[in-house]
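In case you want the letters, here they are:
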Amino acid sequence: MATGRTHRPATRSRGIPEATVARLPLYLRALTALSERSVPTVSSEELAAAAGVNSAKLRKDFSYLGSYGTRGVGYDVEYLVYQISRELGLTQDWPVVIVGIGNLGAALANYGGFASRGFRVAALIDADPAMAGKPVAGMPVQHTDELEKIIEDNGVSIGVIATPAGAAQQVSERLIAAGVTSILNFAPTVLSVPDGVDVRKVDLSIELQILAFHEQRKAGEEAAAEAASAPAVRGTSAVGRKGPDGDVPAVMPA
């Protein structure tokens, strides 16, 4: 069985833009749902709506894959699933190690979607000696002293970091020195890595802060709309109000 160590996805060599690569998993998720419902074909408009993108952008993305669909019929769902899976490198086995088996790391270990998407959790690793040997998701946790040997024995090229922020940089350096070339970082810190190492950062607090910004903006827009629609009360307009020294000038918005 092929492993992540010896095979790499072909997307970069084919000149597929990074923005398109980032959308391919969205299309694959939508297509997989259609496949599970035994839907044979799908139009670009239907698939774009399911993936949450613009249909013109979807057609452009698929043109990089050499897939243009059939007029009046649409795209073959099963073929697109295979085509996108191949481009993403998901038609082979990718062994993954998860480092840091706290609440988040344990939740990731218990996630059932890895295997069905081409990823095999090869090992769970933690620095706490008390965790060594404890089963999580049916696997015994191994100590970080064994990290390098685990990576070599399993041909691991993808590491997941779910440690506290203070430990993440050192863990990443050990992973990279042992041969890992791609890291999914859940620790709330920015990793410094050499060229040739890909890092994807998942920061839940940042995503929540962005949502808070949008909620605040929506609340402000609603308040402004209510103020604009409220009837004017006589004698309270900004123009013509009397102060101790005469008329109070209107205050213009910034």
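Here, the structure is the one placed above.
Since this is a predicted model, take the numbers as computed values, not measurements. (Residues numbered from 1 in each chain as written. Predicted model: local features only at pLDDT ≥ 70, side-chain atom pairs only at ≥ 80, totals over all residues. Heavy atoms only, no water.)

K.L.:
Give a detailed account of the nonpolar core, specifying residues and quantitative values.
P.N.:
Counting 23 residues, the largest nonpolar core has Tyr 27, Leu 31, Val 42, Leu 47, Leu 58, Phe 62 and Ile 84 as the members making the most contacts within it. Contributing elements (two or more residues each) for this core: helix 1 (18-36), helix 2 (44-51), helix 3 (55-64) and helix 4 (77-87). When residues of this core are assigned to their parent elements, the largest contribution, seven residues, is made by helix 1. Not counting residues within four places of it along the chain, the set of residues in contact with Leu 47 comprises Tyr 27, Ala 30, Leu 31, Leu 34, Val 42, Leu 58, Phe 62 and Leu 80. (Core = buried A, V, L, I, M, F, W, Y, C linked by side-chain atoms within 4.5 Å. Buried < 20%, exposed > 50% of the residue type's maximum accessible area, 1.4 Å probe, protein only. Helix = DSSP H or I, 4+ residues; strand = E, 2+ residues; numbered from the N terminus. Contact = heavy atoms within 4.5 Å.)

K.L.:
Which residues make up the packing of helix 1 against helix 4, and what values go with them?
P.N.:
Where helix 1 contacts helix 4, the axes come no closer than 9 Å and their chain directions differ by 145 degrees. Between helix 1 and helix 4 lies a crossing of left-handed hand. Between helix 1 and helix 4, the contacting residues are Leu 24, Tyr 27, Leu 28, Leu 31, Thr 32, Leu 34 and Ser 35 on the first element and Val 77, Glu 78, Leu 80, Val 81, Ile 84, Ser 85 and Glu 87 on the second. Residue classes in the contact of helix 1 with helix 4 are distributed as nine nonpolar, three polar and two charged. (Axes fitted to C-alpha atoms, helices over the stretch in contact; angles between N-to-C directions. Left-handed = near helix turned anticlockwise from the far one by under 90°. Nonpolar A, V, L, I, M, F, W, Y, C, P; charged D, E, K, R; others polar.)

K.L.:
Describe the sheet that holds strand 5 (residues 135-136), with residues and values.
P.N.:
One open sheet accounts for seven strands, arranged 5-6-4-3-7-8-9; its pairing is mixed. Of all the strands in the sheet, the pair left with one neighbour each is strand 5 and strand 9 (198-201). Bridge count for strand 4 (residues 119-126) against strand 6 (residues 139-143) is three bridges, and the pairing is parallel. Looking at strand 6, one finds that Leu 124 is bridged to Val 141. Here helix 7 (residues 147-154) sits on the sheet in contact with strand 3 (94-99), strand 4 and strand 6, set at roughly 165 degrees to strand 4. The sheet contacts of helix 8 (residues 165-177) involve strand 3, strand 7 (158-161) and strand 8 (182-185), and relative to strand 7 the element is tilted by about 170 degrees. (Pairing = 2+ DSSP bridges.)

K.L.:
Quick rundown of the packing of aromatic side chains? Include the residues and the values.
P.N.:
Enumeration over the complete set of coordinates arrives at four aromatic pairs. Seen in terms of ring centroids, Tyr 79 and Tyr 82 are 6.5 Å apart; in terms of plane orientation they differ by 40 degrees. Their pairing is tilted. You can see Tyr 79 and its partner Tyr 82 sitting in helix 4, three residues apart, about one turn around the helix. In this structure Tyr 82 comes out as partly exposed when scored by relative accessible area, which is 44%. Ring pairing ties together the aromatic residues Tyr 27, Phe 62 and Tyr 75, which thus form one cluster. (Phe/Tyr/Trp six-rings, centres within 6.5 Å; stacked < 30°, edge-to-face > 60°.)

K.L.:
Describe the pairing of strand 3, with residues and values.
P.N.:
Of all six residues that make up strand 3, six are buried, and the element is covered over most of its length. Judged by which residues are buried, strand 3 turns out to be covered on both faces: Trp 94, Val 96 and Ile 98 on one side and Pro 95, Val 97 and Val 99 on the other are all buried. In this structure, strand 3 lies alongside strand 4, joined through six bridges in parallel fashion. Each residue of the ladder has a partner; that of Val 96, found in strand 4, is Val 121. Strand direction decides the pairing type here: strand 3 and strand 7, joined by four bridges, are parallel. Counted as the bridge partner of Val 96 is Ile 158 from strand 7.

Just distances and angles here, no functional claims.
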